[in-house]
Amino acid sequence: MDSRTTAHEAIYDVGVIGGGSATETLVQELHGSGLSIIVFEQDRVGGECPFVACMPSKTMLHVGATTGNWDEAVARRGEVTHHLDDTSHAKELTETGTVLVRSRARIIDAETIEADGGHFTVRHIVVATGSESVTPDIAGLDSLGDRRWSSVEALTAQERPDRLVILGGGVIGCELGLAFARLGTTVTLLDADPHGFPDLSDEVGDLVDAGLRLAGVTVRRGSGAVGFVETAGLITVDTDDGDCIVADRVLVAVGKQARVDGIGLEALGLDPAAGLEVDETGHVRCVGSVWAMGDVAGQGQYTHLANHQARVVADQLAGGRTRRFDDVVISSCVFTDPPVIQVGPSRADLAGDPDVIWATGLVSDLPRALTDALGEGFLAIAARRSTGCIVAAHGAGPRFEELVHALVIAVDGAVPLDRLAMSMHAFPTVGEILGPVYQALLREIQTVEVPAAEG
């Protein structure tokens, strides 16, 4: 009897479809619990982040900002991504005793997964299949072949295009637009939305766009593509305002959606088009013991969020302490120039709430801005009058990606503003921006309107 036959005949406690970052975290959390685990992954163990997303994009941004040399960026990217070899990730997974099946998987019923030419019996199913790029329905786009890129092709390209048109002005479009422009490509960014990062303060989009333009990117907000024609190896992009742009490649970065088609959700009574509805512990509302984590859980597309959700699901499966998906504040960083940060709800999420107040600090007011010629930036922080604690923050400014941690702790720990306002911040640092904003919020909360005297 070979090992494959043995694997098919065994009964596993946990069957995970998808072997990305969340799955790696889940396996490590469950190691030593006594639960048997089998993971199905048809591509790379580790998922997109270490190979074709976060790590290579930050590498290209860094090389672009330092030397601007394409060959150096490709070489360094190859080192950082281990040349797309997932051997070390797979080894760490299997060293825990987890069975790894390199195959596409499909759910047959709430206790059966089909893969690798056989059926596997599991007590719990965990869906962790990640997300995939959305392709808009625009005339001629499908005919571009390998000249149409998703972020995966952009971040594995060996040759630099002279001219690149990017569809979409969100996180991926802005980061890759900046990276390619710094590395010598003529970049045009088309975004149908009239303003960048519309859920945050207007200043965020303005600062990001200014940084993109300074790097040489042509930013066209409120402008979309309506057609594509390839002739003699060149792409003509027709825009909705009657313009034509010539490019060598088109990068589609209009968003990502959960990758759930073809994994057998119908067998659980679920409609793939509707996505997965999960509760606060990651349990999918369907027949059987089915869980979801990461991008497919529908709460955000961040590696750190996926890893947190994996710890929650692990708690549930192992019967340990009970954590929840929503018991931490979600934070994010966009590595533009300047970087954008968000901690907690957006300004749009909190709009209209009379209990919420905002205060803003400017980078230009900091001594460090003078010594290092940091340029513009701002930080907006929201607090609740009723609790005296901050609940959200966002902004764009130099070195803000490291500032985010202090804000996460303040929100997650529900640290009272009267304590935060007393904190001492090292001089001269960008972090000094926190003190005046905390103090402004505290003064606002402590302000009591005195009723006008009658008569």
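Residues numbered from 1 in each chain as written. Predicted model: local features only at pLDDT ≥ 70, side-chain atom pairs only at ≥ 80, totals over all residues. Heavy atoms only, no water.

For the second largest pocket, the calculated volume is near 290 Å³. In terms of lining residues, the second largest pocket is bounded by 14 residues, among which Arg182, Phe335, Thr336, Pro339 and Glu401 are the most central. Secondary-structure elements contributing two or more residues to the lining of the second largest pocket are α4 (54-66) and α8 (171-182). Per-class residue counts for the lining of the second largest pocket are seven nonpolar, two polar and five charged. (1 Å grid on protein atoms, 1.4 Å probe; cavity = no way out; pocket = protein on both sides within 12 Å on 5 of 7 lines; lining within 4 Å. Points joined across faces, edges and corners; volume = space filled by probe spheres on them. Helix = DSSP H or I, 4+ residues; strand = E, 2+ residues; numbered from the N terminus. Nonpolar A, V, L, I, M, F, W, Y, C, P; charged D, E, K, R; others polar.)

Let us now look at the packing of aromatic side chains. This model, assessed by the stated rule, comprises three aromatic pairs. Where Phe40 meets Phe120, the ring centres are 5.2 Å apart and the plane angle is 70°; that geometry is what we call edge-to-face. Of this pair, Phe40 sits in strand β2 (residues 37-40) while Phe120 sits in strand β6 (residues 118-127); the two residues are 80 residues apart in sequence, bridging distant segments of the chain. Side by side, Phe40 and Phe120 carry an identical accessibility label, which is buried. Measuring from centroid to centroid gives 5.7 Å for Trp70 and Phe180, while their planes differ by 35°, and the two rings are tilted. In this pair, Trp70 is assigned in helix α5 (residues 70-80) and Phe180 in helix α8, connecting sequence segments 110 residues apart. Phe180 matches Trp70 in its accessibility class, with the two residues each being buried. (Phe/Tyr/Trp six-rings, centres within 6.5 Å; stacked < 30°, edge-to-face > 60°. Buried < 20%, exposed > 50% of the residue type's maximum accessible area, 1.4 Å probe, protein only.)

What follows concerns the environment of Cys333. Turning to its location among the elements, Cys333 is positioned in strand β18 (residues 331-334). By relative accessible area, which is 26% here, Cys333 ends up partly exposed. In contact with Cys333, other than residues within four places in its own chain, are Glu175, Val340, Ile341, Glu401 and Val404. (Contact = heavy atoms within 4.5 Å.)

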